[in-house]
Amino acid sequence: DTAVSQTPKYLVTQMGNDKSIKCEQNLGHDTMYWYKQDSKKFLKIMFSYNNKELIINETVPNRFSPKSPDKAHLNLHINSLELGDSAVYFCASSRVPRSPLHFGNGTRLTVT
Amino acid sequence: AQTVTQSQPEMSVQEAETVTLSCTYDTSESDYYLFWYKQPPSRQMILVIRQEAYKQQNATENRFSVNFQKAAKSFSLKISDSQLGDAAMYFCAYWGNTGKLIFGQGTTLQVKP
């Protein structure tokens, strides 16, 4: 039933580790996104994919690599995690550009 | 570059009363969309209302309505008959031609019983 689902919900890991967050949408949308919400609750886009093709890469460090195996999935892999990567990461999708974003429930990443 | 500003970090309202959350934006585009999203403590992002810039009529969704002033680049959200479940962080957002939704800093709304 869930429209946009991301896993895991919580992720606690140590500095230097590599981790992945998975996202799937069953809405049939063509465009998917990753947003980061920092400790001050500010939301900022990281990546956008349209039908498996990267269209926005918002000056995110190379340690972050999105992967879209098909248009229903957009995963986020993070290498060599740093303390500053601690945040809530949201996956989202939209039917067409400028139509409302449907968000997943977020993944709270804590790097210790 | 487009920016969105929410000048009220926190607001409070008595249950059943009306509150207005402010939002201003800066853009040189004429065709764009504006949104209000609600984020309760569960951290889920919920769409509240959407406004197309080319429409002069203000959008309304039940107890939620907007005051869209295109010339002033202002997009405020009015919540009528506030309920305890309205307590949340509210984000104003702008979507122009860049392909990305740009958010304001958010306003935390407290509803007092």
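(A) The overall build of chain B, seen in detail. A count of helices and strands for chain B gives zero helices and twelve strands. Along its sequence from the N terminus, chain B presents helices and strands in the succession β-β-β-β-β-β-β-β-β-β-β-β. Relative to its length of 113 residues, chain B is compact, with a C-alpha radius of gyration of 13 Å against a globular reference of 13 Å. With the C-alpha coordinates aligned to their principal axes, the bounding extent of chain B is approximately 40 × 25 × 20 Å. Taking all 113 residues of chain B together, the buried fraction comes to 50%. Residue pairs at least 24 apart in sequence account for 54% of intrachain contacts in chain B once pairs closer than 6 positions are excluded.

(B) A look at the nonpolar core. All names here are of chain B. Ranked by size, the top nonpolar core spans 26 residues in total, and within it Y25, W36, F75, L77, Y90 and L109 carry the most contacts. A total of four residues in this core trace back to one element, the largest contributor, which is strand β10 (residues 88-95). Residue contacts for F75: discarding those within four places in its chain leaves C23, Y25, L34, F35, W36, Q51, V66, N67, F68 and C92.

(C) Summary view of the packing of aromatic side chains. For the coordinates displayed, the defined rule picks out 17 aromatic pairs over all chains. Their ring planes at 35° and their centres at 6.3 Å tell us that F64(A) and Y89(A) sit as a pair that is tilted. Here F64(A), found in strand β7 (residues 64-70), pairs with Y89(A), found in strand β9 (residues 87-94); they are 25 residues apart in sequence, far enough to count as distant. An identical accessibility class is assigned to F64(A) and Y89(A); each is buried. Through a chain of ring-to-ring contacts, the aromatic side chains of Y33(A), Y35(A), F90(A), F103(A), F35(B), Y37(B), F91(B), W95(B) and F103(B) assemble into a single cluster. When the ring centre of Y10(A) is taken as reference, the NZ or CZ atom of R43(B) above it lies at 5.1 Å.

(D) Broad picture of unusual backbone geometry. Going from T7(A) to P8(A), the amide bond is cis rather than trans, its omega being 0°. Position of P8(A) relative to the elements: it lies in the loop between β1 (4-7) and β2 (10-13). Positioned with a positive phi, N51(A) is a non-glycine residue whose angle comes to about 50°. Locating N51(A) in the fold gives a position in the loop between β5 (43-50) and β6 (53-57). Positive phi, normally seen in glycine, also occurs at D81(B), with a value near 50°. Mapped onto the secondary structure, D81(B) falls in the loop between β9 (74-79) and β10.

(E) Focus on the side chain of S65(B). All names here are of chain B. On the secondary structure map, S65 appears in strand β8 (residues 64-69). Under the relative-accessibility criterion, S65 is labelled buried at 17%. In this structure, S65 is in contact with I49, A59, T60, S76, L77 and K78, ignoring residues within four places of it in sequence.

(F) View of the pattern of salt bridges. With the rule as written, the count across this model stands at eight salt bridges over all chains. A salt bridge links D30(A) to K71(A), with the nearest nitrogen and oxygen atoms 2.7 Å apart. With D30(A) in the loop between β3 (19-25) and β4 (31-37) and K71(A) in the loop between β7 and β8 (73-78), this residue pair connects regions lying 41 residues apart in the sequence. Classification of D30(A) as partly exposed rests on a relative accessible area of 29%. As a salt-bridge pair, K100(B) and E58(A) come within 2.5 Å of each other at their nearest N and O atoms. Within this pair, whereas K100(B) is found in the loop between β10 and β11 (101-103), its partner E58(A) is found in the loop between β6 and β7, the two belonging to separate chains. You'll find K100(B) and E58(A) in the same group, each marked buried.

(G) Quick look at the state of the cysteines. Residues and elements named next belong to chain A. All told, the structure shown has two disulfides over all chains when counted by the stated rule. Residue pairing for C23: its cysteine sulfur links by disulfide to C91, the two sulfurs lying 1.8 Å apart. On the sign convention where negative is left-handed, the bridge of C23 and C91, at about -75° about the S-S bond, is left-handed. Pair noted here: C23 is in strand β3 and C91 is in strand β9, with a separation of 68 residues, a long-range link. Side by side, C23 and C91 carry an identical accessibility label, which is buried.

(H) Structural detail: the environment of Q51(B). All names here are of chain B. Note on placement: Q51 falls in strand β6 (residues 46-52). When neighbours within four sequence positions are excluded, Q51 is seen to be in contact with Y32, Y33, L34, Q57, N58, A59, V66, F68 and F75. Of note is the side chain of Q51, whose polar atom sits 2.9 Å from the backbone nitrogen of A59.

What counts and how
Residues numbered from 1 in each chain as written. Chains lettered and ligands numbered in written order. Predicted model: local features only at pLDDT ≥ 70, side-chain atom pairs only at ≥ 80, totals over all residues. Heavy atoms only, no water. Helix = DSSP H or I, 4+ residues; strand = E, 2+ residues; numbered from the N terminus. Rg over C-alpha atoms; globule rule 2.2 N^0.38 Å. Buried < 20%, exposed > 50% of the residue type's maximum accessible area, 1.4 Å probe, protein only. Contact = heavy atoms within 4.5 Å. Core = buried A, V, L, I, M, F, W, Y, C linked by side-chain atoms within 4.5 Å. Phe/Tyr/Trp six-rings, centres within 6.5 Å; stacked < 30°, edge-to-face > 60°. Lys NZ or Arg CZ within 6 Å of the ring centre and 35° of its normal. Salt bridge = Lys/Arg side-chain N within 4 Å of Asp/Glu carboxyl O. Disulfide = S-S within 2.5 Å. Polar contact = N/O pair within 3.5 Å; in protein donor to acceptor, adjacent residues only side chain to side chain.

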